[in-house]
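Here is what each chain is made of, one letter per residue.
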Amino acid sequence: MACILPNSYHRPVPLSLAGVDIDIQFPTHFLGDDGQRAGFLLLTGFLASWLFIRTSARMIRAQVSWWPGNVETSGGLHIHHLVWGILLLMIAGFLGFALQPPNAWMDVLAVLFGIGMGLTLDEFALWLHLEDVYWSDEGRQSVDAVVVAFVFGGLVVLGAAPWEVDGAEGSVAAIAGAVGFHIAYCSICALKGKVWMTVFGLLLPFIGMIGAIRLAKPGSPWARRFYKDDGQRLEKAKARWARLEGRRHRALNAVAGAPSKPDPET
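Conventions used here
- Residues numbered from 1 in each chain as written.
- Predicted model: local features only at pLDDT ≥ 70, side-chain atom pairs only at ≥ 80, totals over all residues.
- Heavy atoms only, no water.
- 1 Å grid on protein atoms, 1.4 Å probe; cavity = no way out; pocket = protein on both sides within 12 Å on 5 of 7 lines; lining within 4 Å.
- Points joined across faces, edges and corners; volume = space filled by probe spheres on them.
- Helix = DSSP H or I, 4+ residues; strand = E, 2+ residues; numbered from the N terminus.
- Nonpolar A, V, L, I, M, F, W, Y, C, P; charged D, E, K, R; others polar.
- Phe/Tyr/Trp six-rings, centres within 6.5 Å; stacked < 30°, edge-to-face > 60°.
- Buried < 20%, exposed > 50% of the residue type's maximum accessible area, 1.4 Å probe, protein only.
- Lys NZ or Arg CZ within 6 Å of the ring centre and 35° of its normal.
- Core = buried A, V, L, I, M, F, W, Y, C linked by side-chain atoms within 4.5 Å.
- Contact = heavy atoms within 4.5 Å.
- Expected span 1.5 Å × (residues − 1).
- Arc of directions from axis to C-beta.
- pLDDT = per-residue confidence, 0-100.
- Axes fitted to C-alpha atoms, helices over the stretch in contact; angles between N-to-C directions.
- Parallel < 35°, antiparallel > 145°, perpendicular 65-115°, else oblique.
- Left-handed = near helix turned anticlockwise from the far one by under 90°.

**A short note on the layout of surface pockets**
In this structure, the largest pocket encloses a volume near 710 Å³. Within the residue set of the lining of the largest pocket, elements represented by two or more residues are helix 5 (140-157), helix 7 (195-203), helix 8 (207-213) and helix 10 (232-256). In the lining of the largest pocket, the residues fall into ten nonpolar, four polar and nine charged. Roughly 530 Å³ of internal volume is contained in the second largest pocket. In terms of lining, the second largest pocket is formed by 23 residues, of which the most central are Ala57, Ile60, Asn70, His78 and His81. Sorting the residues of the lining of the second largest pocket by element identifies helix 1 (34-61) and helix 2 (81-99) as the ones contributing at least two each. Examining the composition of the lining of the second largest pocket, we find that six residues originate from one element, helix 1, more than from any other. Taken together, the residues of the lining of the second largest pocket sort by class into twelve nonpolar, seven polar and four charged.

What follows is the structure in structure tokens.
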């Protein structure tokens, strides 16, 4: 089980488990091939556009006089930046598939696609609620989606592929056991309500193990099954989760702005 890159682009960090070598490998010649470069440019456009549009939204919210306002039609219809993002995704994606341009133009399309992703995912909460919840607590889901997409995309660009195995490294039983163990603790992590750690743990060995060992999120399937309503573990889980959520909210507020609207009624 390993994270694989072409031979000239990786440096292994060997580990072993049940006779199976697990190589966590990192590039030594970054952006050495066309696909890696295009992925990097896409992520750069994605992050830059998200930072710009989130800053723009905060400037409009603060009613900064010299900053351009929202795009409105003559009938007073507010056009969300989600719309421009979808259009960019459609145009860049279509041109990339239909024309398959040479590398220089493909890099341009990768940047445009990334910009479209940033504009679209910044209003991810609107996808879910079909309501403008940008400045409510529910709107934090957009920031969560951006972070997950960026980190997941970064791992792919770096060449993370944990399911690559080399049969010469160990017996079939040892490989199957290692893969089964990996899936098992990632599954426990998911049952404990830790979505981010589960996703990243599937790509990078042992990250999910941290989530599997720590206390479950209150309300998760694991907590409902194994934590008593008046038990000490549930109380500890609630206290720990409250601290983590407080830190996360403060960090999100610093980057994306604090909510000021009530959540939509359910």
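**Some thoughts on the packing of aromatic side chains**
Across all of its chains, the model carries seven aromatic pairs by this definition. For the pair Trp66 and Trp67, a centre-to-centre distance of 5.7 Å together with 75° between the ring planes defines the contact as edge-to-face. Among the residues examined, Trp67 registers a relative accessible area of 21% and is labelled partly exposed. Pairing Trp222 with Phe226 gives two aromatic rings, centres 4.5 Å apart and planes at 45°, and the pair type is tilted. Here Trp222 and its partner Phe226 are both found in helix 9 (residues 221-226), four residues apart, which amounts to about one turn of the helix. In this structure Phe226 comes out as partly exposed when scored by relative accessible area, which is 39%. An aromatic cluster is built from Phe52, Trp66 and Trp67, whose rings are joined through pairwise contacts. Taking the ring centre of Phe226 as reference, the NZ or CZ of Arg225 above it sits at 5.2 Å.

**Considering the nonpolar core**
Of all hydrophobic cores here, the largest spans 14 residues; its most connected members are Phe46, Leu121, Val143 and Val146. Taken together, the elements giving at least two residues each to this core come down to helix 1, helix 3 (103-121), helix 5 and helix 10. Looking at this core element by element, the count peaks at five residues for helix 1. Ignoring sequence-local partners within four residues, the contact set of Leu121 consists of Phe46, Trp127, Ser142, Ala145, Val146 and Ala149.

**Here's the deal with helix 2**
Side chains that are three or four residues apart share a direction in an α-helix, a result of its 3.6 residues per turn. Compared with an ideal rise of 1.5 Å per residue, which puts 19 residues at 27 Å, helix 2 spans 27 Å between its outermost C-alpha atoms and is within 8% of the ideal. Within helix 2, the full set of buried residues consists of His81, Leu82, Gly85, Ala92, Gly93 and Gly96. Along the axis of helix 2, the buried positions cluster into a sector of 105°, meaning they face one direction only. Away from its buried face by more than 90 degrees, helix 2 exposes Met90, Ile91, Phe94 and Leu99. At its buried positions, helix 2 is contacted by helix 1, helix 3 and helix 4 (124-129).

**Section: the confidence of the model for the chain**
When pLDDT is low, close inspection of the predicted coordinates is not appropriate. Mean pLDDT over the chain stands at 80; residues scoring 70 or higher make up 79%. Taking the mean pLDDT of every element in the chain, the minimum, 47, falls on strand 1 (residues 11-17) and the maximum, 94, on helix 2. Under a pLDDT of 50 for its full length, residues 1-20 has, in the predicted model, 74 contacts with residues more than four places off or in other chains.

**Considering the packing of helix 6 (residues 172-191) against helix 7**
Each packed pair of helices is defined by two parameters, the angle between the axes and the distance between the axes. Between helix 6 and helix 7, the least distance of the axes is 8 Å, while the angle of their chain directions is 165°. One way to sum up the angle between helix 6 and helix 7 is to call them roughly antiparallel. At the point where helix 6 passes helix 7, the crossing takes the left-handed sense. Residues His182, Cys186, Cys189 and Ala190 of helix 6 form the contact with helix 7, whose own contacting residues are Met197, Thr198, Gly201 and Leu202. Within the contact of helix 6 with helix 7, the residues separate by chemical class into five nonpolar, three polar and no charged.

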